[in-house]
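Chain by chain, the residues run as shown.
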Amino acid sequence: MPGGDVLLRAAARLQPLVGERVEASSPNPRGLVTGVARAVDGRLLERVEAVGKHLLLHFEGGVVLRSHLRMNGRWRVRDRDGPAWRGSPWLLLRTPRHEATQWNGPVLALEARRLRRLGPDLLAPATQVDELVARARAVDPERRLGDVLVDQRVVAGIGNMWLAELLWHARVSPWLPVGEARDDELAAALGWARAAMLASVSGRRSARAVYRRTGRPCPRCRAPIRSRGLGDANRTAYWCESCQRSS
Ligand SMILES: [Zn+2]
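Residues numbered from 1 in each chain as written. Predicted model: local features only at pLDDT ≥ 70, side-chain atom pairs only at ≥ 80, totals over all residues. Heavy atoms only, no water.

Peer 1: Hey, could you run me through the coordination of the zinc ion in this one?
Peer 2: With distances of 2.2 to 2.3 Å, the protein atoms coordinating the zinc ion are Cys218 (SG), Cys221 (SG), Cys240 (SG) and Cys243 (SG). Positions of the donor residues of the zinc ion, expressed as sequence spacing, correspond to C-x2-C-x18-C-x2-C. On the criterion of sequence distance, the pair formed by cysteine 221 in the loop between α7 (183-201) and β9 (225-230) and cysteine 240 in strand β10 (residues 235-240) is long-range, its members being 19 residues apart. By relative accessible area, cysteine 221 is classed as partly exposed at 29%. (Donors = N, O, S within 2.8 Å, 3.2 Å for Na, K, Ca; no water. Helix = DSSP H or I, 4+ residues; strand = E, 2+ residues; numbered from the N terminus. Buried < 20%, exposed > 50% of the residue type's maximum accessible area, 1.4 Å probe, protein only.)

This is the structure in structure tokens:
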């Protein structure tokens with residue numbers, strides 16, 4: 001699942017269309033049934049932002065398009081005089097100079113009130129790490145860290161890859177109950193994730209320590225990396241049993 005950094009890059013790509021009136025269509029029938037193209041056609045695009053795992057396109061008249069990319073969704077932008085698209089995007093937005101296309105959905109909808117239930121965005125400048133620690137403290141203390149920190153109602157924007165990496169950096173296991181994690185461990189984990197995700201937005205990628213490295217040696221202690229499904233969604237957790245504490 002894409003993290004907040006993927007959404008921020010998509011928001012950045014869409015900026016050239018901001019301030020322009022768009023001509024909207026849905027070449028793909030699955031996009032057409034969402035009714036989004038009809039609702040935004042002819043409207044001025046006022047603002048594009050990434051909020052947690054959602055991309056929000058604000059059009060004039062208070063019409064807001066919400067896009068959640070899950071695993072396969074993509075936004076692409078090109079100059080209109082470039083080579084033709086191949087395939088059927090869910091949504092095509094055209095301005096005099098640019099074309100933006102949304103591929104494979106899977107969630108393309110006009111905004112309702114759902115997003116209000118999201119926690120603060122990890123990457124928003126106004127978000128304080130202390131506030132996020134307090135929100136993590138407010139959930140059932142028996143819940144595992146690897147479940148709590150990807151709960152978008154606690155903090156928005158952390159995907160499975162960043163989760164695995166941030167826990168490794170903070171030396172705590174995804175299986176540690178949140179009630180047994182110290183405040184300084186939670187703050188270090190969230191602070192590291194924020195810095196690393198912002199670095200990724202600006203194009204700097206760091207090597208992964210544990211994510212999708214099952215059986216390979218831990219970069220810190222050389223013990224083999226482990227993996228197992230965790231939480232209601234059964235996402236795969238990756239961790240080092242030797243240097244990440246679980247109790
Ligand atoms: Zn280790």
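Structure shown, so let's carry the discussion forward.
Peer 1: Please explain unusual backbone geometry as it appears in this structure.
Peer 2: In this model, glycine 105 is joined to proline 106 through a cis peptide bond whose omega is -5°. Following the sequence through the fold, proline 106 ends up in the loop between β7 (98-103) and β8 (107-110). Here the phi dihedral of arginine 171 falls at roughly 60°; this positive angle occurs in a residue that is not glycine.

Peer 1: Would you take a moment to explain the packing of aromatic side chains for this structure?
Peer 2: Any two aromatic rings considered together are summarised by their centre-to-centre distance and by the angle between their planes. Using the criterion set out here, one finds three aromatic pairs in the structure. Each ring, one from tyrosine 211 and one from tyrosine 238, has its centre 5.3 Å from the other, and the planes form 70°; the classification is edge-to-face. Taken together, the residues tyrosine 211 in the loop between α7 and β9 and tyrosine 238 in strand β10 connect sequence positions 27 residues apart. The aromatic ring of tryptophan 103 is capped on one face by arginine 76, whose charged end is 5.5 Å from the ring centroid. In this structure, arginine 220 packs its charged tip against the face of tryptophan 168, placed 3.9 Å from the ring centre. (Phe/Tyr/Trp six-rings, centres within 6.5 Å; stacked < 30°, edge-to-face > 60°. Lys NZ or Arg CZ within 6 Å of the ring centre and 35° of its normal.)

Peer 1: I'm lost on the sheet that holds strand β3 (residues 54-59) in this one. Help?
Peer 2: Consider a sheet: its strands pair through backbone hydrogen bonds, and that pairing is either parallel or antiparallel. With antiparallel pairing, the four strands of this open sheet are ordered in space as β2-β3-β4-β8. Two strands bound the open sheet, and with one partner strand each, they are β2 (45-51) and β8. Between one strand and the next, the sheet's axes are offset by a mean angle of 15°, whatever the strand orientation. Pairing analysis gives six bridges linking β2 to β3, with the strands arranged antiparallel. Opposite valine 48, over in β3, you have leucine 57 as the bridge partner. (Pairing = 2+ DSSP bridges. Axes fitted to C-alpha atoms, helices over the stretch in contact; angles between N-to-C directions.)

Peer 1: Any chance you could explain the sheet that holds strand β6 (residues 91-94) here in plain terms?
Peer 2: Overall, antiparallel pairing links the four strands, which are arranged β1-β6-β7-β5 in an open sheet. Of all strands in the sheet, those with a lone pairing partner are β1 (23-25) and β5 (74-79), marking the two edges. Sheet twist, expressed as the average angle between the axes of neighbouring strands with direction ignored, equals 15°. As paired strands, β6 and β7 are joined by four bridges and run antiparallel to one another. Bridging across to β7, leucine 91 finds its partner in glutamine 102. Sheet contacts for helix α1 (residues 4-14): β5 and β7; angle to β5, the most-contacted strand, approximately 25°. (Contact = heavy atoms within 4.5 Å.)

Peer 1: I keep staring at the nonpolar core and nothing clicks. Help me out?
Peer 2: Most often, soluble globular proteins keep nonpolar side chains buried together rather than apart. In terms of nonpolar packing, the biggest core is built from 41 residues, with Leu122, Leu145, Ile158 and Leu190 touching the most fellow members. Those elements that place two or more of their residues in this core are α4 (129-137), α5 (145-148), α6 (160-169), α7 and β10. When residues of this core are assigned to their parent elements, the largest contribution, seven residues, is made by α6. In contact with leucine 122, other than residues within four places in its own chain, are Leu132, Val155, Ala156, Ile158, Leu190, Ala193, Arg194 and Met197. Counting residues in hydrophobic clusters, the runner-up holds 25 residues, among them Ala10, Val36, Leu45 and Ala100. (Core = buried A, V, L, I, M, F, W, Y, C linked by side-chain atoms within 4.5 Å.)

Peer 1: Quick question: what am I supposed to make of the packing of α4 against α7 here?
Peer 2: The axes of two packed helices give the description: the angle between them and the distance between them. For the pair α4 and α7, interaxial distance at closest approach is 9 Å and the crossing angle is 125°. It follows from the interaxial angle that α4 and α7 lie oblique. In the packing of α4 onto α7, the handedness of the crossing is right-handed. In this structure, α4 contributes Val129, Leu132, Val133, Ala136 and Arg137 to the contact, and α7 contributes Asp183, Leu186, Ala187, Leu190, Gly191 and Arg194. Here the contact of α4 with α7 is composed, by residue class, of seven nonpolar, one polar and three charged. (Parallel < 35°, antiparallel > 145°, perpendicular 65-115°, else oblique. Left-handed = near helix turned anticlockwise from the far one by under 90°. Nonpolar A, V, L, I, M, F, W, Y, C, P; charged D, E, K, R; others polar.)

Taken by themselves, the reported measurements are silent on function.
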